[in-house]
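Remarks on the overall topology
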Amino acid sequence: MAKILHLEQKLPLPPDNIITGKPLEFRRSFWETTQFIQMGRANSRRFEINRADTYKKGGKDMGQIPPHHLLTGGMDSTIRALFINREDEQKMREIYYFIGLADCMINQVNPLLRTDIIRDMYRKVFKMREDLKIHWHGNISQILLPIDSVFYNEYEYKSLVSGAGTMKELYKTIKNGTDEMFDILSLEYTFYCPSAGRNH
């Protein structure tokens, strides 16, 4: 069973469900979920307006939740680490860089990683994991957060990673890529936090 984050017991009345607005926007959910939900910001805005209007009229049915990504498996650990450090943008970016390095070892193809040089990346990743205290549970085939193709060209990023000719170039490519991804996540998405069965 997934871990549930215990947020504040006394919640403000809608529409004040925002936890943080920057660098990533986290909101309390008003429906039962044990997972973080990642929703496009435009959809979230419309949903929040509808939710506030419904609340003002005394209703409780928020209607259907707009299209979203349910952050399960390795993505759950990623978003929890970002949430815990939500007040420290520099650390959040360092975490996402670490996630990018780990993703490279799991999912990306680069000739350098088929040589003894991979030991350097292993040392770097395992040290960062301990320093940042991040541990994944369950399926870790996807640990980077999803970004819709209209906002980010994942294939171009993968091509740059696979084409890096030195470890220095590889690290720089991943750092630039994860910084760009983080910027997009900040600008284009809202994250709804797990709830413990709230019905208001």
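Residues numbered from 1 in each chain as written. Predicted model: local features only at pLDDT ≥ 70, side-chain atom pairs only at ≥ 80, totals over all residues. Heavy atoms only, no water.

**Let's talk about the sheet that holds strand E2 (residues 25-28)**
Strand order in the open sheet formed by five strands is E1-E2-E5-E3-E4, with mixed pairing between adjacent strands. The open sheet terminates on both sides in strands that have one partner only, identified here as strand E1 (18-20) and strand E4 (69-71). Averaged over all neighbouring strand pairs, the angle between strand axes comes to 30°, with direction disregarded. Relative to E4, strand E3 (residues 36-40) runs antiparallel, the two sharing three bridges. Across the sheet, the residue bridging to Phe36 is Leu71, located in E4. The strands touched by helix H6 (residues 167-188) are E3 and strand E5 (189-193); relative to E5, the strand with the most contacts, the crossing angle is about 75°. (Pairing = 2+ DSSP bridges. Helix = DSSP H or I, 4+ residues; strand = E, 2+ residues; numbered from the N terminus. Axes fitted to C-alpha atoms, helices over the stretch in contact; angles between N-to-C directions. Contact = heavy atoms within 4.5 Å.)

**Section: the nonpolar core**
By size, the foremost hydrophobic cluster in this structure holds 46 residues, and its most contacted members are Leu82, Tyr96, Met121, Leu145, Leu170, Ile174 and Phe191. Going through the elements one at a time, helix H2 (74-84), helix H3 (89-107), helix H4 (118-132), helix H5 (154-163), H6 and E5 are the ones with two or more residues in this core. Counting residues per element, this core draws most heavily on H3, at nine residues. Residue contacts for Ile174: discarding those within four places in its chain leaves Tyr97, Gly100, Leu101, Cys104, Met121, Tyr157 and Val161. (Core = buried A, V, L, I, M, F, W, Y, C linked by side-chain atoms within 4.5 Å. Buried < 20%, exposed > 50% of the residue type's maximum accessible area, 1.4 Å probe, protein only.)

**Quick look at the packing of H4 against H6**
Interaxial distance between H4 and H6 falls to 11 Å at its minimum, and their mutual angle equals 40°. In this view, H4 runs oblique relative to H6, as classed from their interaxial angle. When the axes of H4 and H6 are compared, the crossing they make is right-handed. Between H4, through Asp120, Met121 and Lys124, and H6, the contact on the second element is made entirely by Met167, Leu170, Tyr171 and Ile174. Looking at the contact of H4 with H6 residue by residue, the classes come out as five nonpolar, no polar and two charged. (Parallel < 35°, antiparallel > 145°, perpendicular 65-115°, else oblique. Left-handed = near helix turned anticlockwise from the far one by under 90°. Nonpolar A, V, L, I, M, F, W, Y, C, P; charged D, E, K, R; others polar.)

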